Amino acid sequence: MRLRAAATAAFLAILAACAPLAQDVASAPAQRAGPVWAFEESDIPPDEGFRFGQLPNGMRYIVRQNATPAGTAIVRMEIEAGSLDEEVDELGFAHFVEHMAFNGSTNVPEGEMVRLLERNGLAFGADTNASTGFDRTTYKLDLPRNDTELLDVALHLMRETASELGFDPQAVEREKGVILAERRDRNTYTLRNALDDTQFLHPGARYPDRFPIGAAETIAGASADALRAFWSREYVPEHTTIVVIGDFDPDLVEARIRDTFSGWTGPAPEPQPGGGPVDPSTAGRTDVYVDPALSERITATRHGPWLDKPDTVAQRQEGLLRQIGYNIVNRRLQRLSRLTDPPFRGAGFGTGDVFEDGRSTRIIVDTADGKWKRGLEAAVQEYRRALAFGFTEAEVAEQVANIRTATENTAASADTLNHQTWEGLAFGLLREDMVPSGPRSVLERLETFIPQITPDRVLAAMKREAVPLDDPLLRFRGRTTPAGGADAIRAAWNAAMAEQLARGDAQTSSEFAYGDFGEPGKIVEDDRIEDLGIRRVRFDNNVMLNIKRTKLEKDRVLVDLTVDGGDMLNTRENPLATQMMQVFSLGGLGQHSRDELQTILAGRTIGSSVSSTAEGFTVNARTTPRDLGLQLDVLAAYLSDPGYRLEGEVQYRQNINDFFARRDATPSSALQTRIGGILSDEDPRFTILERQDYRDLTFEKLRADISERLGNGAIEIGIVGDIPEDQAIALVAHSLGALPGREASFRDYAAQQPRPFTADFSRRILRHEGPEDQALLRFTWPTTDDGDPVETITMELLERIMRIELTETLRERLGKAYSPSAASSMSRYWDGYGTFGIAASVDVREIAETRDALVDTVERLRSAPVDADLLQRARQPMVETFQNALKSNGGWLTLVDRAQSQPDRIERFLMAEDRLRALMPADVQSAAARWLVPEKRLEVLVLPEGTPAPD
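Residues numbered from 1 in each chain as written. Predicted model: local features only at pLDDT ≥ 70, side-chain atom pairs only at ≥ 80, totals over all residues. Heavy atoms only, no water.

A. Highlighting the sheet that holds strand 20 (residues 764–768). Pairing in this open sheet of five strands is mixed, and the strands run 20-24-21-23-22 from one edge to the other. Because the sheet does not close on itself, it has two edges, and the strands there are strand 20 and strand 22 (821–826). Here the strands of the sheet are splayed against their neighbours by 20° on average, with no regard to which way each runs. Both strand 20 and strand 24 (residues 938–944) contribute to a ladder of five bridges, which runs parallel. By the bridge assignment for strand 24, His768 is matched with Pro944. Contacting strand 21 (774–782) and strand 23 (834–843), helix 4 (residues 169–186) runs over the sheet at an angle of about 105° to strand 23. Strands in contact with helix 24 (residues 789–813) are strand 22 and strand 23; relative to strand 22, the strand with the most contacts, it is inclined by about 170°. (Pairing = 2+ DSSP bridges. Helix = DSSP H or I, 4+ residues; strand = E, 2+ residues; numbered from the N terminus. Axes fitted to C-alpha atoms, helices over the stretch in contact; angles between N-to-C directions. Contact = heavy atoms within 4.5 Å.)

B. Broad picture of the environment of Thr794. Considering the arrangement of structural elements, one finds Thr794 in helix 24. Between the C-alpha atom of Thr794 and that of Pro877, which follows or precedes it by 83 residues, the distance is 14 Å. Once residues within four sequence positions are removed from consideration, Thr794 is found in contact with Leu919, Asp923, Val924 and Ala927. Of the polar contacts made by the side chain of Thr794, one reaches the backbone oxygen of Val790; its length is 2.6 Å. (Polar contact = N/O pair within 3.5 Å; in protein donor to acceptor, adjacent residues only side chain to side chain.)

C. Representation of the pattern of salt bridges within the structure. The final tally for this structure, using the stated rule, is 90 salt bridges. Across the pair Arg528 and Glu725 runs a salt bridge, and its minimum N-O distance is 2.7 Å. Of this pair, Arg528 sits in strand 13 (residues 523–529) while Glu725 sits in helix 23 (residues 725–733), and the two are 197 residues apart along the sequence. Overall, Arg528 belongs to the partly exposed group, its relative accessible area being 33%. Given a relative accessible area of 16%, Glu725 falls into the buried group. Between Asp760 and Arg764 there is a salt bridge; the shortest N-O distance is 3.3 Å. Here Arg764 falls in the buried class, since its relative accessible area comes to 17%. (Salt bridge = Lys/Arg side-chain N within 4 Å of Asp/Glu carboxyl O. Buried < 20%, exposed > 50% of the residue type's maximum accessible area, 1.4 Å probe, protein only.)

D. Just the packing of aromatic side chains, in detail. Taken as a whole and judged by the stated rule, the model has 28 aromatic pairs. Both rings, one in Phe659 and one in Phe660, keep their centres 5.1 Å apart while their planes meet at 90°; by these two values the pair is edge-to-face. Owing to a relative accessible area of 33%, Phe659 belongs among the partly exposed residues under this scheme. The class of Phe660 is buried, set by a relative accessible area of 11%. Each ring, one from Phe757 and one from Phe761, has its centre 6.0 Å from the other, and the planes form 25°; the classification is stacked. You can call Phe757 buried: its relative accessible area is 17%. Here the aromatic cluster, defined as three or more aromatic residues joined through ring pairs, consists of Trp37, Phe39, Phe50, Phe52 and Trp422. Taking the ring centre of Trp892 as reference, the NZ or CZ of Lys548 above it sits at 4.4 Å. Sitting over the ring of Phe746, Arg898 keeps its end group 4.1 Å from the ring centre. (Phe/Tyr/Trp six-rings, centres within 6.5 Å; stacked < 30°, edge-to-face > 60°. Lys NZ or Arg CZ within 6 Å of the ring centre and 35° of its normal.)

E. Examining the sheet that holds strand 10 (residues 346–354) more closely. If you walk across this open sheet you meet the five strands as 8-12-9-11-10, and the pairing is mixed. The sheet is open, and its two borders are formed by strand 8 (286–290) and strand 10, each paired with just one other strand. Across this sheet, the average inter-strand angle for adjacent strands is 15°, counted without regard to direction. With five bridges joining them, strand 9 (residues 296–304) and strand 12 (residues 473–478) adopt antiparallel strand pairing. Paired with Ile298 across the bridge in strand 12 is Phe476.

F. Structural detail: the nonpolar core. Counting 75 residues, the largest nonpolar core has Ile717 and Ile719 as its most contacted members. Ignoring sequence-local partners within four residues, the contact set of Ile717 consists of Val543, Met544, Leu545, Asn546, Val559, Asp560, Leu561, Val732, Leu736 and Asp897. (Core = buried A, V, L, I, M, F, W, Y, C linked by side-chain atoms within 4.5 Å.)

G. Helix 13 (residues 439–449), seen in detail. Along helix 13, the residues classified as buried are Pro439, Leu443, Leu446 and Phe449. Down the axis of helix 13, the smallest arc covering the buried residues is 130°, so these residues share one side. Along helix 13, the residues that are exposed and aim more than 90 degrees away from the buried face are Glu444 and Thr448. Contacts made by the buried residues of helix 13 are with helix 9 (313–337), helix 11 (393–412), helix 12 (419–432) and helix 14 (455–465). (Arc of directions from axis to C-beta.)

H. Layout of unusual backbone geometry. Cis geometry is adopted by the peptide bond preceding Pro69, which originates at Thr68 and carries an omega value of 0°. Put simply, Gly276 and Pro277 share a cis peptide bond, and its omega is 10°. Note on placement: Pro277 falls in the loop between helix 8 (250–261) and strand 8. Positive phi is not limited to glycine here, since Asp471 has a value of about 45°. Tracing the backbone shows Asp471 in the loop between helix 14 and strand 12. The backbone of Asn542 shows a phi angle near 80°, a positive value even though the residue is not glycine.

I. Structural context of helix 27 (residues 889–896). Most of helix 27 is tucked away, with six of its eight residues classed as buried. For helix 27, the full list of buried residues reads Asn889, Gly891, Trp892, Leu893, Leu895 and Val896. Contacts from the buried residues of helix 27 go to strand 14 (534–539), strand 15 (544–549), strand 16 (557–563), strand 19 (715–721) and helix 28 (904–918).

J. Main features of the pairing of strand 14. In terms of residue burial, strand 14 counts as a mostly covered element, since six of its six residues are buried. Of the two faces of strand 14, both are covered, the one formed by Ile534, Arg536 and Arg538 as well as the one formed by Arg535, Val537 and Phe539. Pairing analysis gives six bridges linking strand 13 to strand 14, with the strands arranged antiparallel. Bridge assignment links Ile523 to a residue of strand 14, and that residue is Phe539. From the end of strand 13 to the start of strand 14, which pair antiparallel, there are four residues, and Gly533 there has a positive phi angle of about 70°. Here four bridges tie strand 14 to strand 15, and the two strands are oriented antiparallel to one another. Its bridge partner being in strand 15, Arg535 is matched across the sheet by Ile547. Here strand 14 hands over to strand 15 after four residues, with Asn542 in that stretch at a positive phi of 80°.

Nothing here speaks to function; it is geometry throughout.
Spelled out as structure tokens, the structure:
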């Protein structure tokens, strides 16, 4: 079983991920070594809904018909070539080639590919994307319609990328600026830490020197001929797989793939270099890495050989046993992190493969500053205890319950799984040789095996994979060097490993203590929006319930709960009233701690995370018909008997130091943490206050600030999914409908002081502590609230147009910025308040040119109507979004959740597409001229510390 790059998963987020979509080279293809597909040598059958094939030229394809969402599809092209394939003078070339997919090919002029897709309703970034990894490059198109012409366009563009890229020298030179801008933006403390970590763990290996973002020197020196040579060498049929999943006839798709790609030929594929070597003998080294933005973490690692096991029933059983073992150890570590005096903020234990070159076992311990030694000792004790004494029946049962439920849920909804789920199975086959087995057959095998799962077998399987952490590689990262340095870290590890062990306390479980909330509620109002099939009910305690039964996602139910209050409780005098709501659920219930709830609810599909927004206190949960009753009981319990337990408060405080330590670490974080105060004239409700203000917060204060609203505020519940209406009504009646009477409607908070926008439009300078070449420029204008639906959608269209214009100017024409942004935000809850903003991350040396480009772009939109093509490219993706919105439960929930208190949202949605189509270029120009006034442009510039502000 090839679990490629599992150990490097932490780094995948910092790999190149751009937007997407390569010259015939005649030669006979070599034969692929081994079977064409991994399932050919497995006793696990693939799901029969997949169709697998290989063209005579060696290119493979996977096709699956799927109608969730109906009338849509996804098209992927995966090239088995990434940064590992680069020579030392090609670092960054795999990623560079990915960028060049946008810059002209034999049949698609430079820049036209994105425009062609936008005209067809695919938004750049959202529906059109690509990513480059260590060992592969993936191109992605999400088709909003299942018409054959659009499929042909998608496959044609994939073929152009595979065999027809142009590499015009001038386009290459322009794109260098974009890639170097992306590299500059990704140069954060996270990337620098990952680079140091990989170099320490694997000195001499190939992959630490080949992160996909590349080296600035080779990117700047890249020529069109050199890029073409890399592309011609790596983009060959035998390296390529096309994946099409969606609402198409598979015979049609297969024929189109054959028509499009059969004529492609290329040279014999070169074997991909490994990421290693990984040396199992390396031990005893210690590394200390200091960065002011990094929270304290200590890691212990040992390497072992790669375990090359085919994907079989027996190997999956082995994998399941060790997964349970790791889960139990991590569950124990999680329990320690939830104590009122926890030894660490979090910890984890596991083993992952390093490509196909080795495997690594790690303990990772995150601690509060200065607490690394205590945290390490506690984590090591738990690790050793597990290996010495094993696991209990109860611990195994908890993990089995969770795994069984997840498998049952997938099997129950197998007929309506979405494209992305099937895509994940297809990529599992391509990347890890995992057979894409059907969900029901997976469940059958699991049920057969569960009786054979015992604590002893779990421990034995985990021990067979986990590399003993004898004299491990120890790495400390944090803000300051620990006292005693590397020697102290090694001594602490040795002491922890030598400490006498004792069995841990057995954990006990209890029944859920809630379920009787009083006399079930009685319906006092009951009506239906007939054309939409939304039923609206009010109970005698004034709880409002809105239901939409669908068959879009079999065996799935979405629940949205809104309670009056939320951020509207924050006042100038008490601006942090709801700040601790982010850890409210971590405080548990009166009868159960959060940790106890996790065990009690094992094997159940329940959500309980509560948020505070301007709309109110909200919960969004995904459950099943069989667990809906318990889900509603949990919500009722959190409203009627919240625990406010100290462990939640402790976890909140642990995060405060980290937040303030890294707030200025990057230009974007420096801006995000201060823009609210700048725009509001430092109104404390929208401003980050002093660190001590947050450290002084307590659950007792939170209880005093929110209890009245939790007990009396209006409640509205939205339920969407595979559940009969009467069943849902009965379950709500016995839970939330049985609570004491509440206010009948949501308050308008008219007495709340309005949200201000500053009258001071002078330029503001902020400072960050990151690299000295990074700057961020943002313009913000005041607009208005969303009271006028036509004006709101006009501003949304202006946002799309602005984003396209900025991308084509700053990125494509000037090569100054990787991802310029635009956003319209018009408030529903703050009367008269809205903003429109544009921003770009740029090199410090290019601020003036960037600023001029931003100003010029805005002025063009203010002074003249956009052309019809630009309007179409911005509008069509929005149209497709509206047309596909009600093809999922999530889309329906946006209409259902507030169908009684905010019925106008339904009318807005129903009219949105017509209103959007009615907008003309002059309407967009009028909106830009009205709101994007130069005199009301607030400029914020984020510069490195010590860099003089430009004039």
